[in-house]
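# A closer look at the structure
Residues per chain are reported as follows:
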Amino acid sequence: MTISQALRSCTLLAFAAAATPVFAHHSFTMFDMTKKITLVGSVTSFEWTNPHSYIEIDVPDEQGAVKHWSIEMGSPSILQQSGWKFSSLKKGDKTTLVINPLKNGKAGGFLNTATLPDGRTLGNGPGQNP
Amino acid sequence: MKISRLCGFAFLLLVGWNVMAQTPPDLTGVWGVYRGGRGADPKLAPPPAGPLVLKPEYAKPYEARRALEAEASKRGEQLATAGAQCIPYGVPTMMSVAIYPVEFIQTPKQITIISEAFSEVRRVYMNVPQSKPDDVAPGYYGRSVGRWDGDTLVVDTIGIKPSIPGYRGMPHSEKMHVTERIKLVAPDYLHDQITIEDPVVLEKPVTYTLAYKRMPNYEMVEFVCDNNREYIDEKGIVRLQVHDK
C-alpha cells in the first residue's frame, strides 16, 4: 500500500464515522469551549427564535460600568429538552449565566448554564449540563 | 360437512394472512435520530456506512476543501456552509440533521416527510411512475415516488440541484439518483437505507443507513430561521453578530 493509498483509506474511514451533520446550523469552533466566564446581570431581551435563541444581558462591573453581552443558545427544539420555555426569562430579570466566550474577544458567547429568577439552573440542551 | 368447514377456515386464514402481508406498516408519527451506542441491540442501530469513493477529478477538490476546513477549525474558525446561512439541506441530507426529529404522515397516495430542522418538507407520491429527468425542475427535494416492496417502502428520488451539498458535502451532478429502502426493524425502530448513484461523480454507488426511534406524543417544533445572527465575513468565515450597546 502506498502512502497515498493509506491516506485515502484514512480519509474514507474518517468520513465513515459521521453520516449526518452534527450541527444543524454551525459548529462551536468560534467559542472557546475550554474557558468559562460567569456573567451576573440584567436581561434586556430573551429571544426564543431559530436557528438559535439568545439572551441579551447588561452586566455591570465593580465600578458600575455596564457591558452588554449577546449569548447564543440552542434552538427552541433543543432548549425545551433542558426545561426551557419561551417565557423562562423576560426583560429586567436578574440572572447568572455561565458561558464559553467568543475566541475573537467580542462580547458574545455560548451558554452553558443559566440560573433563573426562580432559582432553577438550566443547561443548553441535551449533553449541555445540567 | 366437516371437510368443507375445514376448507372454509383454511381459506379465511389464507385470506387473512394475505391481507396482513399486503397491508403496509403505518410509519405515521415522529421519529428521533437513533445512533445506538454501547450495549445497543445491533439490529436496531444503523449498520456502518459504505465507503464514499469519488472519481479522481472530484476527489481532489473535495479532499482539498476538507483540508481547508480542518485547518480553519485548528485556527478556531469555521468556513462558510449552507447551513450557517440557513439554507436547507434537501434530499437526502435533511433525513438526519443533528438531533432533530423527522415526521412521517402516511396516506395511500402520498407519504409526507417533514424535518424539524429548517421545517423541510418532502412528498413521496405512491404507486406512480417516476418522471423523465428532463421534466423535473432541479430543486432541494426533486421528485420522489414510492412503492411498497412487502414491508419496505422504496423511494426513488431524482432532480436534486447540483449546487446543494450532497451526502457528507460530496459534490453531485444532475444525474444523482437516490434510492431509499425504509423499513421498521422493530415496532418502534425505523431504518432508512439510502443509496446514492451518480455516474458522473461517483466511482460506485454509496450506501448508508439512518436509524430512528419513535417519539410517541412528540409535537414538532416550528423552525423558521428568522433570527440568524451568524454571518459570513469577507474571508468566508462564519462569525456571530453580537449586539453591542
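Our structure is the block above this text.
Residues numbered from 1 in each chain as written. Chains lettered and ligands numbered in written order. Predicted model: local features only at pLDDT ≥ 70, side-chain atom pairs only at ≥ 80, totals over all residues. Heavy atoms only, no water.

All names here are of chain B. The sheet built from 9 strands closes into a barrel, its strands ordered E1-E2-E3-E4-E5-E6-E7-E8-E9 with mixed pairing. Between one strand axis and the next, the sheet turns by 30° as a mean value, whatever way the strands run. Across 5 bridges, the pairing between strand E2 (residues 102–106) and strand E3 (residues 110–115) is antiparallel. Bridging from a neighbouring strand, Phe 104 pairs with Ile 113 of E3. (Pairing = 2+ DSSP bridges. Helix = DSSP H or I, 4+ residues; strand = E, 2+ residues; numbered from the N terminus. Axes fitted to C-alpha atoms, helices over the stretch in contact; angles between N-to-C directions.)

Moving on, we come to the side chain of Ser82(A). Relative to the elements of secondary structure, Ser82(A) occurs in the loop between helix H2 (76–79) and strand E4 (94–101). Residue classification places Ser82(A) among the buried positions, given a relative accessible area of 14%. (Buried < 20%, exposed > 50% of the residue type's maximum accessible area, 1.4 Å probe, protein only.)

Further remarks concern the state of the cysteines. Residue and element names in this part refer to chain B. Under the defined criterion, the tally for this structure stands at 1 disulfide over all chains. Each disulfide pairs two cysteine sulfurs, and for Cys 86 the partner residue is Cys 225, the sulfurs being separated by 1.7 Å. Of this pair, Cys 86 sits in the loop between helix H2 (56–74) and E2 while Cys 225 sits in the loop between strand E9 (206–214) and strand E10 (230–232); the two residues are 139 residues apart in sequence, bridging distant segments of the chain. On the basis of relative accessibility, which here comes to 16%, the residue Cys 86 falls in the buried class. (Disulfide = S-S within 2.5 Å.)

For the rest of this paragraph, the subject is the interface of chain A and chain B. Tallying the contact residues gives 42 residues for chain A and 48 residues for chain B. The junction of chain A with chain B conceals about 3,500 Å² of combined surface from both sides, 56% of it contributed by carbon and sulfur atoms. One can count 2 salt bridges joining chain A with chain B. The salt bridge involving Arg229(B) is made with Glu56(A); its shortest N-O contact spans 2.5 Å. There are 18 residue pairs in polar contact (both at pLDDT 80 or more) connecting chain A and chain B. Counting residues per element, the ones that place at least two in the side of chain A that touches chain B are helix H1 (3–16), strand E1 (37–47), strand E2 (54–60), strand E3 (66–72) and H2 of chain A. Residue contributions to the side of chain A that touches chain B peak at 5 residues, all from H1(A). Class assignment of the residues belonging to the side of chain A that touches chain B gives a composition of 18 nonpolar, 17 polar and 7 charged. (Contact = heavy atoms within 4.5 Å. Buried area = accessible area lost by both parts, 1.4 Å probe. Salt bridge = Lys/Arg side-chain N within 4 Å of Asp/Glu carboxyl O. Polar contact = N/O pair within 3.5 Å; in protein donor to acceptor, adjacent residues only side chain to side chain. Nonpolar A, V, L, I, M, F, W, Y, C, P; charged D, E, K, R; others polar.)

We now examine the pattern of salt bridges. Here the structure, examined in full by the defined rule, presents 11 salt bridges over all chains. Glu47(A) is the partner of Arg229(B) in a salt bridge, and the nearest nitrogen-oxygen pair spans 2.8 Å. Of the two residues, Arg229(B) is situated in the loop between E9 and E10 and Glu47(A) in strand E1; the pairing between them involves two chains. As far as the burial class goes, Arg229(B) and Glu47(A) line up, both buried. Between Asp233(B) and Arg239(B) there is a salt bridge, and its shortest N-O distance comes to 3.0 Å. Salt bridges sharing common partners tie together Arg75(B), Glu77(B), Asp233(B) and Arg239(B).

Two measures describe an aromatic ring pair: the distance that separates the ring centres and the angle between the ring planes. Residue and element names in this part refer to chain B. Counted under the stated rule, the structure contains 11 aromatic pairs over all chains. With centroids separated by 5.1 Å and ring planes inclined at 75°, the aromatic side chains of Tyr 34 and Tyr 189 adopt a geometry described as edge-to-face. Of this pair, Tyr 34 sits in the loop between strand E1 (29–33) and H2 while Tyr 189 sits in strand E8 (residues 189–197), and the two are 155 residues apart along the sequence. Across this residue pair, the class does not change: Tyr 34 and Tyr 189 are buried. The interplanar angle of 45° and the centroid separation of 6.2 Å between the aromatic rings of Tyr 140 and Tyr 141 together place this pair among those described as tilted. (Phe/Tyr/Trp six-rings, centres within 6.5 Å; stacked < 30°, edge-to-face > 60°.)

Take the pairing of E3(A) next. Residue and element names in this part refer to chain A. Extensive coverage of E3 is indicated by the burial of 5 of its 7 residues. Pairing geometry for E2 and E3, over 7 bridges, is antiparallel. Bridging across to E3, Pro 60 finds its partner in Val 66. Where E2 hands over to E3, the hairpin turn is made up of 5 residues, of which Gly 64 adopts a positive phi near 95°. Sheet analysis places E3 next to strand E5 (residues 108–115), joined by 3 bridges and oriented parallel. Paired with Ile 71 across the bridge in E5 is Gly 109.

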